[in-house]
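Structural overview for review
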Amino acid sequence: MSTKQSKYNLIDPSQMNESELEQLITTTTLTKQSYQEQEKAVYKRIRGKLWLWWFLPIFGWVIYTMVYSRRLEQETAQVQLVGVKTKIAECELQEVFIQRRQKTLSEEK
């Protein structure tokens with residue numbers, strides 16, 4: 001399998017055949033799913049035990065939203081979220097490139 005790397009560390013699908021492209025799509029979707037699970041874990045860590053505030057109906061909701069938004073604005077949370085979200089975006093971009101290459105291969109036949 002040809003794994004020519006492009007500028008943004010994405011695999012170039014222009015030199016691949018259809019079976020390699022299918023395999024590449026499956027690996028890309030699996031990596032995207034793992035990054036999405038990492039994103040969920042980061043959000044879960046940020047929320048922590050804030051769900052306990054929901055036992056107080058209105059007052060708890062206000063406290064929950066204030067503390068949650070403050071935690072999201074912290075630099076450490078932002079760095080982690082941006083890192084995971086850029087990896088997810090790269091995977092989605094790579095999927096689009098691969099699907100376009102598959103479309104052009106099917107049109108050439």
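Residues numbered from 1 in each chain as written. Predicted model: local features only at pLDDT ≥ 70, side-chain atom pairs only at ≥ 80, totals over all residues. Heavy atoms only, no water.

What follows deals with the side chain of K32. Inspection of the secondary structure assignment puts K32 in helix α1 (residues 18–47). Of the residues examined, K32 reaches a relative accessible area of 17% and is grouped as buried. Apart from residues lying up to four places away in sequence, K32 is in contact with I88, C91, E92 and E95. (Helix = DSSP H or I, 4+ residues; strand = E, 2+ residues; numbered from the N terminus. Buried < 20%, exposed > 50% of the residue type's maximum accessible area, 1.4 Å probe, protein only. Contact = heavy atoms within 4.5 Å.)

Take the confidence of the model for the protein chain next. As a general rule, the predicted coordinates of low-pLDDT regions are not to be interpreted in detail. Looking at the protein chain as a whole, its pLDDT mean stands at 84, while 84% of the residues score no less than 70. Helix α3 (residues 75–108) is the least confidently modelled element of the protein chain, averaging 88 in pLDDT, while helix α2 (residues 57–73) averages 93, the highest of any element. (pLDDT = per-residue confidence, 0-100.)

Attention shifts here to the nonpolar core. One finds V42, I46, L50, Y64, Y68, A77 and L81 forming the largest nonpolar core, which totals 7 residues. Contributing elements (two or more residues each) for this core: α1, α2 and α3. Setting aside residues up to four positions removed in sequence, L50 forms contacts with Y64, V67, Y68 and R71. Residues L21, L24, I98 and L105 belong to the second largest nonpolar core, which totals 5 residues. (Core = buried A, V, L, I, M, F, W, Y, C linked by side-chain atoms within 4.5 Å.)

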